[in-house]
Amino acid sequence: MALFKDMLNSGESLFVNEIALDYDFIPKVVPYRETQQRYLAACIKPLLNQRNGRNVIMLGPPGVGKTVACKHVLQELEETTDDVILVYINCWQKNTTYKVVIAMCDILGYKFTQNKKTEELFEIVKNMLNKKSTVFVFDEIDKAEDYDFLYSLLEEIYRKSIFLITNYKSWIDEMDERIRSRLLPDILEFKPYNAIETKGILQERAGYAFPPNAFEPAAFDFLAKKTFEVGDIRAGLHLLRESGLIAEDSSSKKITLEHAQKACSKLQTFSAKDTEELDEDSKKILELIRGNSGKKIGDLFKIYQELGGQLVYKSFQRRVNKLDENKFIKTEKLVGGAEGNTTILKIAIDKKLTEFD
Ligand SMILES: Nc1ncnc2c1ncn2[C@@H]1O[C@H](COP(=O)(O)OP(=O)(O)OP(=O)(O)O)[C@@H](O)[C@H]1O
Ligand SMILES: [Mg+2]
C-alpha cells in the first residue's frame, strides 16, 4: 500500500507554527481588550508607589479573552519592574486553601513545604509577600472549594491587588459577606467579540500558525462566522487547526471552503467547556434538557423530580443558569402569558456549528 505516497512531500506541512493555535499561547498583542488591560494596569499602578492596589472581578463567558488579557498585563508588569510579585493561580487545578498555599510557595521558590500545616505555610508566604507588593490572580475562582485563602490574603497582606476571574455572575451574587466587604471589588466585564473582532483575532492567530494565504478567503470567512456564532475564540482556534489538518490529509496546499465545512461538521458538540468539567447534577440536567429541548423550566423541573432528581427548585435553577452562562444551553425568557413569566430552555451549540447556510 502506498499509504503516504499522495500526501504532501515528506516533512512538508501546511502549518508553520502550530503551537500558535494552542489555547494557552499568549500572542504578542491582545487586540480589542485594550480598555480592559488599561483598567487592570490602573488597578495595579498604586503598587508601584508602595500603596495598596485595587481589586477586580473579571466577568464574562468562556473564550472571550479574560485569561489572556490578564496574563498579558502580568507579562508587561514583569518586564517593567521587579518590585511586584506576581501570583497567578488557576483554582480549577488548585481548588483548596492548602493547594493554593503550596502553589504560592512554589511561585516564591520556598521548597521546605513537607510536613507543614496550611497555617504554618501561610505564615511563611505572608512574611515573604509582605516584603514587597503582590498582584494575585485567581482564575476560575468559582471552582475553589473553600475561600479561606482569600480571606487570609485580604486580612494579612498589606499591599496587593486581587483579580478574580469567573464566568458566573451568580458566583459574585453569592459571595461570602466577609470576603465581599473586604474585597470591595470593581467588576470588569468582558463581552463576547463582535463578528469583525472575532475575524481579526483569528486572522492574527492564523498569521502565526500558517504561511500567508493558506486559507481561501471564503474558507476563512466561513470559519470566522461560525466562531462568532459560538462566541468562543477557542472554537475558532480548534476549527483553524482542524481545517488545516483536513487540508493536509487531502494533500492540498490551500485550505478550501470544503475543508472548513468539513472541520465544522466534525464538531458535533463543541461546548465552550468540556461537559466532563460539570458536576454530576449539572450533567443530569443537561441530558434532560437535551432530551426535552424547548420546554419551560417549570415543566423540566417536574420531569427532573419524577426521574428522582433531588435538588430543590432554587438549586435546579442555579445549575440551569450556569449551563446557560457556559453556553451549554440557551434560555429564552417569555414575559407575560397565562402563567406569568417563564423561561424556555434549549440545547445550545450542537446545531450551530453543523448547520450550514
Ligand atoms: N483579543 C484576543 N486576542 C488574541 N487572542 C485572543 C483574544 N481573546 C481570546 N483569545 C484567545 O482565545 C482563547 C480563549 O481566550 P481566554 O483563554 O482568554 O478565554 P477566557 O475568557 O479566559 O475563557 P474561560 O472563561 O473559558 O477561561 C485563547 O487561546 C486566547 O489566546
Ligand atoms: Mg480563562
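Please read these numbers as outputs of a predicted model, since none were measured by experiment.

1. With respect to the overall build of the protein chain
Part 1 of the argument: Assigned secondary structure in the protein chain consists of 15 helices and eight strands.
Part 2 of the argument: Across the 357 residues of the protein chain, 33% fall into the buried class.

2. Remarks on the environment of Cys70
Part 1 of the argument: Mapped onto the secondary structure, Cys70 falls in helix α2 (residues 66-80).
Part 2 of the argument: The buried category is assigned to Cys70, around which 25 C-beta atoms lie within 10 Å.
Part 3 of the argument: Taking the C-alpha atoms as reference points, Cys70 and Asp139, separated by 69 residues in sequence, lie 9.5 Å from one another.
Part 4 of the argument: With residues near it in sequence (within four places) discarded, Cys70 still touches Leu40, Met58, Val137, Phe163 and Ile165.

3. Remarks on the packing of helix α8 (residues 195-209) against helix α9 (residues 217-230)
Part 1 of the argument: Where α8 meets α9, the closest approach of the two axes is 9 Å, and the angle between their N-to-C directions is 120°. Between α8 and α9, the interaxial angle falls into the category oblique. Here α8 runs over α9; the crossing is right-handed. Residue-level inspection shows Ala195, Thr198, Lys199 and Leu202 of α8 in contact with α9, the latter providing Leu223, Ala224, Thr227 and Phe228.
Part 2 of the argument: Looking at the contact of α8 with α9 residue by residue, the classes come out as five nonpolar, two polar and one charged.

4. Some thoughts on the site of ligand 1
Part 1 of the argument: The immediate surroundings of ligand 1 are formed by 19 residues, with Pro62, Gly65, Lys66, Thr67 and Ile233 found nearest.
Part 2 of the argument: In terms of residue class, the shell around ligand 1 is made up of eleven nonpolar, five polar and three charged.
Part 3 of the argument: When we break the shell around ligand 1 down by domain, the ones giving at least three residues each are domain 1 (34-189) and domain 2 (193-266).

5. Description of the nonpolar core
Part 1 of the argument: Counting 66 residues, the largest nonpolar core has Met58, Cys70, Val137, Phe163 and Leu223 as the members making the most contacts within it.
Part 2 of the argument: Domain assignment of the residues forming this core places at least three in each of domain 1 (34-189) and domain 2 (193-266).
Part 3 of the argument: Leaving out residues up to four positions away in the same chain, Phe163 has contacts with Leu40, Val56, Met58, Cys70, Phe136 and Val137.
Part 4 of the argument: Counting 14 residues, the second largest nonpolar core, distinct from the first, contains Leu300, Phe301, Phe316 and Leu323.

6. Comments concerning the packing of helix α1 (residues 34-48) against α2
Part 1 of the argument: One can describe the packing of α1 onto α2 by two numbers: an axis separation of 10 Å at closest approach and a directional angle of 50°. Classified by the angle between their axes, α1 and α2 sit oblique to one another. Here α1 runs over α2; the crossing is right-handed. On α2, the residues that touch Gln36, Gln37, Leu40, Ala41 and Ile44 of α1 are Ala69, Cys70, His72, Val73 and Leu77.
Part 2 of the argument: Split into classes, the residues belonging to the contact of α1 with α2 amount to seven nonpolar, three polar and no charged.

7. Observations regarding the environment of Leu307
Part 1 of the argument: Mapped onto the fold, Leu307 is located in the loop between α13 (297-306) and α14 (313-325).
Part 2 of the argument: Judged by the 9 C-beta atoms lying within 10 Å of it, Leu307 is exposed.
Part 3 of the argument: Sequence-wise, Leu307 and Leu288 are 19 residues apart; in three dimensions their C-alpha atoms are separated by 9.8 Å.

8. So, α9
Part 1 of the argument: The terminal C-alpha atoms of α9 lie 20 Å apart, and with 14 residues this matches the ideal 20 Å at 1.5 Å per residue to within 8%.
Part 2 of the argument: All buried positions along α9 are accounted for by Ala219, Phe220, Phe222, Leu223, Ala224, Lys226, Thr227, Phe228 and Val230.
Part 3 of the argument: Gly231 occupies a position one or two residues after α9 and carries a positive phi of about 80°.

9. With respect to the confidence of the model for the protein chain
Part 1 of the argument: Averaged over the protein chain, the pLDDT score is 89; the fraction of residues at 70 or greater is 90%.
Part 2 of the argument: Across residues 350-357, confidence stays below pLDDT 50; counting only partners more than four residues off in sequence or on other chains, it has 13 contacts.

What counts, and where the lines are drawn
Residues numbered from 1 in each chain as written. Chains lettered and ligands numbered in written order. Predicted model: local features only at pLDDT ≥ 70, side-chain atom pairs only at ≥ 80, totals over all residues. Helix = DSSP H or I, 4+ residues; strand = E, 2+ residues; numbered from the N terminus. Buried ≥ 20, exposed ≤ 12 C-beta atoms within 10 Å, placed from the backbone. Contact = placed C-beta atoms within 7 Å. Axes fitted to C-alpha atoms, helices over the stretch in contact; angles between N-to-C directions. Parallel < 35°, antiparallel > 145°, perpendicular 65-115°, else oblique. Left-handed = near helix turned anticlockwise from the far one by under 90°. Nonpolar A, V, L, I, M, F, W, Y, C, P; charged D, E, K, R; others polar. Near = placed C-beta within 6 Å. Domains from an automatic or database assignment. Core = buried A, V, L, I, M, F, W, Y, C linked by C-beta atoms within 7 Å. Expected span 1.5 Å × (residues − 1). pLDDT = per-residue confidence, 0-100.

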